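Descriptive analysis of the structure
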Amino acid sequence: MSALAFTEFSPLSHTTTRQLSDTSSDVLPQIFAPDVNLVSWQRAADPLIRAYCAGLTLAMPLKRIVGADTVPADIAAALPDAPGKAALLADIALQCQMFSCLMDCQQLGLRLETLQRPMCPKFHTDHLVCRLVCTYLGPGTEWLDTAGNKAHASSFAVTLLKGSGWEGNEQQAIVHRSPASGLPRVLLSLDPM
């Protein structure tokens, strides 16, 4: 990852921010609250998608600029045919549609990758407006809550991370990292374009 993409965490001002987590997707629009820097929709894992991802090995990350309505066609050929592929594509399409609607954009930067070690093991903040992350296999993204305690998303959680590029959020971006685990992961991330 480029040095322009994130900065290592250093203590900032003592501005109070909140992180919200719920089992309903209704939590996602709460990212627009000025004092919220993370929302996480903790949803149940889909066993068919989990099984597909357990067998997924991508030599290189799948990176594409995708249209919210065309994402299955945009990435289907890059994924191996196996039971669960259609369910994964449908789930990615759902997340793309939800995120593009929330962020009011037509295109998204999509990254889907298999990881054998932490991608960003140090706590840091991102210099972007907002990023969606969903871990399909393995432990989910970790963050520091308001009290400075570690929290994490479950697998299959749809988590929105507010970055320092969000107007008015320059000093309140969520401090997060890849989980400190050697377990394999399949990670989806989306950035508004």
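I will try to describe carefully the structure that is included in this document. (Residues numbered from 1 in each chain as written. Predicted model: local features only at pLDDT ≥ 70, side-chain atom pairs only at ≥ 80, totals over all residues. Heavy atoms only, no water.)

Below, the discussion takes up helix H3 (residues 85-103). With 19 residues, H3 should cover 27 Å at 1.5 Å per step; its first-to-last C-alpha distance of 27 Å lies within 8% of that length. Every buried residue of H3 is accounted for by Lys85, Leu88, Leu89, Asp91, Ile92, Ala93, Gln95, Cys96, Phe99, Ser100, Leu102 and Met103. At the C-terminal side of H3, Asp104 shows a positive phi close to 55 degrees. (Helix = DSSP H or I, 4+ residues; strand = E, 2+ residues; numbered from the N terminus. Expected span 1.5 Å × (residues − 1). Buried < 20%, exposed > 50% of the residue type's maximum accessible area, 1.4 Å probe, protein only.)

With 5 of 5 residues buried, strand S10 (residues 158-162) is to be regarded as a mostly interior element. Burial along S10 is two-sided: Val158, Leu160 and Lys162 and Thr159 and Leu161, pointing in opposite directions, are all buried. Sheet topology note: the strand S3 (residues 36-41)/S10 ladder contains 4 bridges and is antiparallel. Considered in S10, the bridge of Trp41 is made with Val158. (Pairing = 2+ DSSP bridges.)

Tallying each qualifying case throughout the model produces 7 salt bridges. When the shortest N-O distance is used, the salt bridge between Arg131 and Asp191 registers 2.7 Å. You can see Arg131 sitting in strand S7 (residues 130-137) and its partner Asp191 sitting in strand S12 (residues 185-192), a full 60 residues away along the chain. Residues joined by salt bridges that share partners form a network here, namely Asp126, Arg131 and Asp191. (Salt bridge = Lys/Arg side-chain N within 4 Å of Asp/Glu carboxyl O.)

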